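Listed below are the residues making up each chain.
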Amino acid sequence: MLSNLSLSGLVKIVHGQLQGGAAAELNADMIHGVSTDTRKIKAGDLYVPLSGEHFNGHHFIAQAAEQGAVAALIDQDVDSDLADRLPLIRVTDCLIALGQIAGWNRSQFRGPVVAVTGSAGKTSVKQLMSSVLAQRYRTWMTQGNLNNHIGAPLTLLALQPEHEAAVIELGASGAGEIAYTAQWVKPQVGIITNAAEAHLEGFGSLQGIVQTKGELLDFIQPGGCAVLNADDVFYAEWAERAAAVKLLSFGFSAAADVRASALRCDLQGSHFVLHLDGEEYAVRLPLLGEHNVRNALAVSAAAYALGLSAAEIIQGLQQATTVSGRLHWLDGQAGQRILNDAYNANPASIKAAIDVLKHAAQSWLVLGDMAELGESELAAHADIGLYAKTQGIQHLLATGERSRKTVEAFGAGAHWFATKEELVRYLQQQTTDQDVILVKGSRSAGMDQVVQALQKNTEEN
């Protein structure tokens, strides 16, 4: 692991070149950690300065030295005096070097690694998978939303000797990103939850999303297992791509290897019968919605592939906790029950949330715009309005220009607001302790502000 990595070893991993007078003296120093943020650097860390459109980490190398960094990577010219204060390692690209170091740290890890991707459900599957693996292993998982080309390497770099298993979430906003991160992760088990119209602007088409999510399958280790959604229309395409490894399918289809029957969902959770390896088990899942039952099936298949027992799988599922911002119950100021699902949104995830809300006697659906849907964005917003109406949702409120189409499609009982403040005032005036309010929207819509304004207090339960 990183604690066993010296600067001289690091130079070989990143194909770099040590520079400066300080380098000769500290060549044998060990690296304690890796940081891309000088605000979080600890003594003994390697500083990796990343650059973007509006920032350049190379400007903070002096600050890294002051805070005890053991060395820094560079991929551009810096002030010559910096090399006298801190060993500098010249590389071709700091971002790629970050991945190379992460890949090395992963190679030192001997426990099972599960990677999960998909258009929806990644974070819930990650959380469920971690809960199940924790029945046997000390498990590390992706923290927060660190699932992109920077976050996934940082997650791997955080693996410590005390960890015995890992669950890595892989997100993507464009083609090739899953391949880039999966090459460092090298999972024993790879899960694809689904493919849906999310981030279409970056992929160009739904088929582009399918291809990109499928990139995970190319990096599952020999003898490993692909876990695929039998109910997804692209299942066969992924199954063909996974021909080199073992395959387990999950879903509600009778043909799925791991499936559910006798499904019953309400506003407290879900009950179902798990069909696993020819046996049947009653499961009470504390997460809301049919989609979370499907997520639980994916996790059950992955855990089974890793050799966990049915008892461990069921215990882990039943001990799972809700992820904040994803169908998370909160109390409103007037006693309303708020379902906070404001973390993010795409058409598939909004429909899944509507399928939960429809169980409420008095239902209020509060939406912000969905982002990154490309040319289909207006049609997609209208489709949500129609779907909510057909599912019996009583009230729909929305804000955001694209959500005008949602309100128009819903018809009577729907209202559009120019600002979130106006929307909140209306809700506060019109709702009581008999109402359930579901709040959802893409991250850019900032619907978490609506949730905070409606809450009984400013701290989430």
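The structure presented is a predicted model; accordingly, all values stated were derived computationally and were not measured. Counting from 1, residues in each chain are numbered in the order their sequence is written. Only residues with pLDDT of at least 70 are given local features in this predicted model, and only at 80 or more are side-chain atom pairs given and counted; all residues enter the totals for whole chains, interfaces and linings. Side-chain descriptors were evaluated using all non-hydrogen atoms of the structure, hydrogens and water having been removed beforehand.

Counting secondary structure elements, the protein chain contains 18 helices and 20 strands. With the principal axes as the frame, the protein chain shows a C-alpha extent of 75 × 55 × 40 Å. The cut-offs for exposure are 20% and 50% of the maximum accessible area for each residue type, with area from a 1.4 Å probe on protein chains only; residues under the lower value are buried, those over the upper are exposed, and the others partly exposed. Each of the 461 residues in the protein chain was classed as buried or not, and the buried ones make up 55%. In the protein chain, 65% of the contacts between residues at least 6 apart in sequence involve partners at least 24 apart. Exposure was quantified through the Shrake-Rupley algorithm and a 1.4 Å probe, taking into account, for residues, occlusion by the shown protein chains and nothing else. Element-wise, carbon and sulfur atoms account for 48% of the exposed surface of the protein chain, whose accessible area totals about 18,800 Å². In the protein chain, which carries 33 positive and 48 negative side-chain charges, the distance between the mean positions of the two groups comes to 4 Å. Secondary structure follows DSSP: runs of H or I at least 4 residues long count as helices, runs of E at least 2 residues long count as strands, and numbering of each begins at the N terminus. We call two residues contacting when some pair of their heavy atoms lies within 4.5 Å. Charge counting treats Lys and Arg as positive and Asp and Glu as negative, with His and both chain ends excluded. For the purpose of locating charges, the reference atoms are NZ of Lys, CZ of Arg, CG of Asp and CD of Glu.

What follows deals with the UniProt feature "domain: Mur ligase N-terminal catalytic" (unreviewed entry) in the protein chain. When the UniProt feature table is mapped onto this chain, "domain: Mur ligase N-terminal catalytic" (unreviewed entry) is found at residues 31-102. The span residues 31-102 is 26% helical and 18% strand by assignment, and the distance between its end C-alpha atoms comes to 13 Å. UniProt positions are given in the numbering used here, feature names are shortened, and annotations may be inferred rather than shown by experiment.

What follows covers the UniProt feature "binding site: ATP" (unreviewed entry) in the protein chain. When the UniProt feature table is mapped onto this chain numbering, "binding site: ATP" (unreviewed entry) sits at G118, S119, A120, G121, K122, T123 and S124. With respect to the element layout, G121 can be found in the loop between β6 (113-117) and α6 (122-133). Setting aside its immediate chain neighbours within four residues, G121 contacts T193 and N295. Relative to the helices and strands, S124 is located in helix α6. Once residues within four sequence positions are removed from consideration, S124 is found in contact with N292, N295 and R326.

On to the packing of helix α5 (residues 94-107) against helix α8 (residues 177-185), then. Axes here refer to lines fitted to C-alpha atoms; in helices the fit is confined to the stretch in contact. Angles between the N-to-C directions go from 0 to 180 degrees. The geometry of α5 relative to α8 is characterised by a closest axis approach of 7 Å and an angle of 35° between their N-to-C directions. Along the contact surface, α5 presents L95, I96, G99, Q100, G103 and R106, while α8 presents Y180, W184 and V185. Taken together, the residues of the contact of α5 with α8 break down into five nonpolar, three polar and one charged. Polar here means any residue other than Ala, Val, Leu, Ile, Met, Phe, Trp, Tyr, Cys and Pro, which are nonpolar, and Asp, Glu, Lys and Arg, which are charged; Gly is therefore polar.

Quick look at the sheet that holds strand β20 (residues 436-440) now. Taken in spatial order, the six strands of this open sheet run β15-β16-β20-β17-β18-β19, and their pairing is mixed. Unpaired on one side and paired on the other, β15 (328-331) and β19 (414-417) mark the two borders of the sheet. Going from strand to strand, the sheet's axes swing by 20° on average, the running direction of each strand aside. A pair of strands is considered paired only if DSSP assigns at least 2 bridges between the two. Bridge count between strand β18 (residues 395-399) and β19: four bridges; the pairing is parallel. Looking across to β19, one finds that L396 is bridged to A414. The strands touched by helix α14 (residues 347-357) are β16 (337-341), β17 (363-367) and β20; relative to β20, the strand with the most contacts, the crossing angle is about 175°. The sheet strands contacting helix α17 (residues 420-430) are β17, β18, β19 and β20, and the helix crosses β18 at an angle near 160°.

This paragraph deals with the sheet that holds strand β9 (residues 189-192). Within the open sheet, the nine strands sit side by side as β7-β8-β6-β9-β10-β11-β12-β13-β14. Their pairing is mixed. Of all strands in the sheet, those bounded by a partner on one side alone are β7 (139-141) and β14 (279-285). Strand-to-strand twist in this sheet, taken as the mean axis angle between neighbours without regard to direction, amounts to 20°. Two strands pair when backbone bridges link them, and strand β10 (residues 225-229) and strand β11 (residues 246-251) are joined in this way by five bridges, in the parallel orientation. Looking across to β11, one finds that L228 is bridged to S249. Its contacts with the sheet place helix α13 (residues 310-318) against β13 (269-276) and β14, and it is angled at close to 20° to β14.

In plain words, nonpolar cores are sets of buried Ala, Val, Leu, Ile, Met, Phe, Trp, Tyr and Cys residues tied together by side-chain atoms within 4.5 Å. Membership of the largest hydrophobic core comes to 56 residues, with the highest contact counts inside it found for L10, L46, L73, I101 and L170. If one sorts the elements of this core by residue count, α5 sits on top with six residues. Within the second largest apolar cluster, 39 residues are counted, among which are V116, V167, C225 and A302.

With 16 residues, helix α12 (residues 290-305) should cover 22 Å at 1.5 Å per step; its first-to-last C-alpha distance of 23 Å lies within 8% of that length. Extensive coverage of α12 is indicated by the burial of 12 of its 16 residues. Turning to α12, its buried residues number three or more, namely N292, V293, R294, N295, A296, L297, A298, V299, S300, A301, A302 and A303. Trailing α12 by a residue or two, G307 shows a phi angle of about 90°, which is positive. Working rule for helices: expected span equals 1.5 Å times residues minus one.

Put simply, the grid is 1 Å and covers the protein atoms alone, a cavity is a trapped set of points that fit a 1.4 Å probe, a pocket is an open set with protein on both sides within 12 Å along at least five of seven lines, and lining residues have an atom within 4 Å of a point. Grid points are joined across faces, edges and corners, and a volume is the space filled by probe spheres set on the points. Counted as a void, the second largest pocket has a volume near 550 Å³. Around the second largest pocket sit 19 residues that line it, and V34, S35, L146, L154 and A158 are the ones nearest its centre. Of all elements in the fold, only β2 (33-35) and α7 (151-157) reach the threshold of two or more residues within the lining of the second largest pocket. Residues of the lining of the second largest pocket, tallied by class, amount to seven nonpolar, seven polar and five charged.

Checked against the element boundaries, N340 lands in strand β16. Whenever two N or O atoms come within 3.5 Å, that pair is a polar contact, provided that in protein one can donate a hydrogen and the other can accept it, and provided that, for residues adjacent in sequence, both atoms are side-chain atoms. In terms of polar contacts, N340 uses its side chain to reach the backbone amide nitrogen of A342, at 3.1 Å.

It is worth spelling out α17 at this point. Of the residues making up α17, those classed as buried are L423, V424 and L427. Along the axis of α17, the buried positions cluster into a sector of 100°, meaning they face one direction only. In this structure, the buried residues of α17 make contact with β17, β18, β19, β20 and α18 (448-454). The arc under discussion is defined with respect to the helix axis, by the directions toward the C-beta atoms.

Turning our eyes to something else, we now look at the pairing of strand β4 (residues 71-74). Residues A71 and L73 line one face of β4 and the alternating positions A72 and I74 line the opposite face, and both faces are buried. Bridge count for strand β3 (residues 45-47) against β4 is two bridges, and the pairing is parallel. Counted as the bridge partner of Y47 is A72 from β4. Handedness of the crossover joining β3 and β4 through helix α3 (residues 61-66) is recorded here as right-handed. Consider the strands pointing away from the viewer: the crossover is right-handed when the path from the first strand over the helix to the second runs clockwise.

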